[in-house]
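# Observations on the model geometry
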Amino acid sequence: MKAAIAGVGQTEYSKDSGRTELALACEAVDKALADAAIPRAEVDAVIRYDWDRIDELSLATHLGLKNLGWMSQAGDGGPAGNAIIHHAAAAIEAGLATTVVCYRALNGRTGPRIGHGPGEASGAEAFQMPWGMVSPVTQFGQFARRHMVTYGTTSEQFGAVAVAARRHASHNPAAVMRGPMSLADHQASRLIADPLRLFDCCLETDGACALVLTSAERASHGPNPAIEVLAGAQASGPGGAAVVFRDQLDVSEATHCAADLYRRAGLGPADVDVVMVYDHFTPFVLFALEAFGLCERGEAGAFAAEGGIEHGGRLPVNTHGGNLSEAYLQGLSHPIEAVRQLRGEAALQVDGARVALSCAASAGTASAVLLRGAG
Amino acid sequence: MLEGLAMPAPDGDSAPFWNGCEEGKLMLQRCDGCGQASWPPGPVCASCGGDRLTWVESQGRGTVYSWVVVAVAFTPELADQLPYAVGLVDLEDGVRMVTTFEGCEPNEIEAGMEVEMRFDESREGQRLFCHVPAGSDRGSR
Ligand SMILES: [Zn+2]
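Here goes a summary of the coordinates provided. Quick caveat: nothing in here was measured; it's all calculated off a predicted structure.

Turning next to the nonpolar core. Membership of the largest hydrophobic core comes to 102 residues, with the highest contact counts inside it found for Leu289(A), Phe292(A), Leu357(A), Phe17(B) and Met97(B). The leading source of residues in this core is helix H9 (residues 283-291) of chain A, at 7 residues. The residues that make up this core include at least three from each of domain 1 (10-58) and domain 2 (60-141) of chain B.

Take a look at the structure:
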């Protein structure tokens, strides 16, 4: 029994929601259920990000979800987005759940800001923070540097990722950042952790996203085209939590994830029509394109600079504007955009999109789902 | 060496490392079974799974693997210490560690550059090391 995404929902994306994360979560979930025309009473499973401050019981209490039979969570920040969809599909395919809600609610701008403030020097961070590796950008910049050292990738090539995201976001009414951005603007943005500049970094956003999954058969009777989950995959790569201590910072852990994903789906990179990549920092779009076989290793920078990732290019990437320009809901807005592309209702539609890859090569862990539309 | 940053609470796995720093020594675990050094500190050898690890002193020499030059203050204490270079050093012992690169301009840092370890002498609280270009007579700042 294959699983499908039957409904998607999101709140307004803003820099100041003025609302609690619980209120945002409830709104997004209700919208996703309404989109799928599935009543709350039929929800029997909830899967969330382990970082989410709204746990499944809070959500269930306030939405009146009764008798949940499957509750789980996926970890490691951004990669959790595709991972919870993968987990939801696995539960449905195994017959352990029939109607699964996945969500992420985050006051990322007005609430606690990821990577700001001293944090707690525990776990692997104890061997990073005392030397000033105190924010995600100071960790992930190490990977960016290695891509430059090993492959000759340039800041301008990172900039091409940011410019493409902004161009796409300019068509997206929901996007927080829609004003024009040129490559010169990117190059003029201030250095945060050289080689990464301000415009290489994702936004901080208040909002929430949700998806509802059910069996493909049942979803096919809903109001929207059923979006089948062909396969999902996760990978830790070597190093686990101690990401900066791993062997190769210039090769993504997502390489392992991609092999599993394509094998499970019986498809390959050439079958992918549109790609959503978790873009917390611009270089990780390049890492993902290489890991998922969409570019040769070391060639993604040139591919981006030639416009290959833009709408109208060979392989449109993050047609919603991504974390860089649409909103930062830690990667759950990406599969939502993949669904809209496959339904044919995206703000910036890719003609004939039938197979979408939503993936994250975040340096911590990797995740991906391969989705197929009904068309 | 940067001042004012949060210091970890040593635990049973890491205390010999932090105590070594207090004495100006970089202490690492080496596996009695396979001979591999491991980092960060832990109860088990990540290479062979062995649980007999011996603390040994490292000379701290190595080469630059990666680095960033931090230009914004992520905590207020860092505001007057910018910019600083934080990165990864591949030690001769076979492990990769986080360090700060000092004793040269940030734009002089290159991948593969040979570096040596220096411990700070004056600092209040936990002593730490940094790395400077090999042969440099310039100490840490
Ligand atoms: Zn061993």
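Scanning the entire structure with this criterion turns up 15 aromatic pairs over all chains. Aromatic side chains Phe127(A) and Phe17(B) sit 5.9 Å apart centroid to centroid with 70 degrees between the ring planes, which places their arrangement in the edge-to-face category. A residue pair is termed interchain when its members come from two chains, as with Phe127(A) in the loop between strand E4 (100-107) and helix H4 (136-151) and Phe17(B) in helix H1 (residues 15-22). An identical accessibility class is assigned to Phe127(A) and Phe17(B); each is buried. Between Phe127(A) and Trp18(B) the ring centres are 5.8 Å apart and the planes differ by 15 degrees, which places this aromatic pair in the stacked class. Placement of the pair is Phe127(A) in the loop between E4 and H4 and Trp18(B) in helix H1, with the two residues belonging to separate chains. Its relative accessible area of 6% is what places Phe127(A) among the buried residues. Residue classification places Trp18(B) among the buried residues on the basis of a relative accessible area of 1%. In this structure an aromatic cluster arises from ring pairing among Phe127(A), Trp131(A), Phe17(B), Trp18(B), Trp39(B), Phe119(B) and Phe129(B). Just above the ring of Tyr65(B) sits the side chain of Arg96(B); from NZ or CZ to the centre is 3.5 Å.

So, on to the coordination of the zinc ion. All names here are of chain B. Taken together, the protein ligands of the zinc ion are Cys31 (SG), Cys34 (SG), Cys45 (SG) and Cys48 (SG), with distances of 2.3 to 2.4 Å. In this structure, the zinc ion is coordinated by 4 donor atoms arranged in tetrahedral fashion, with angles at the metal of 100 to 115 degrees. Sequence spacing of the donors to the zinc ion: C-x2-C-x10-C-x2-C. Here Cys34 is found in the loop between strand E1 (26-31) and strand E2 (37-38), whereas its partner Cys48 is found in the loop between E2 and strand E3 (53-58), with 14 residues between them in sequence. Accessibility expressed as a relative area gives 35% for Cys34, which makes it partly exposed.

Conventions we followed
- Residues numbered from 1 in each chain as written.
- Chains lettered and ligands numbered in written order.
- Predicted model: local features only at pLDDT ≥ 70, side-chain atom pairs only at ≥ 80, totals over all residues.
- Heavy atoms only, no water.
- Core = buried A, V, L, I, M, F, W, Y, C linked by side-chain atoms within 4.5 Å.
- Buried < 20%, exposed > 50% of the residue type's maximum accessible area, 1.4 Å probe, protein only.
- Helix = DSSP H or I, 4+ residues; strand = E, 2+ residues; numbered from the N terminus.
- Domains from an automatic or database assignment.
- Phe/Tyr/Trp six-rings, centres within 6.5 Å; stacked < 30°, edge-to-face > 60°.
- Lys NZ or Arg CZ within 6 Å of the ring centre and 35° of its normal.
- Donors = N, O, S within 2.8 Å, 3.2 Å for Na, K, Ca; no water.
- Tetrahedral: all angles 85-135°; square planar, octahedral: opposite > 155°, others 65-115°.

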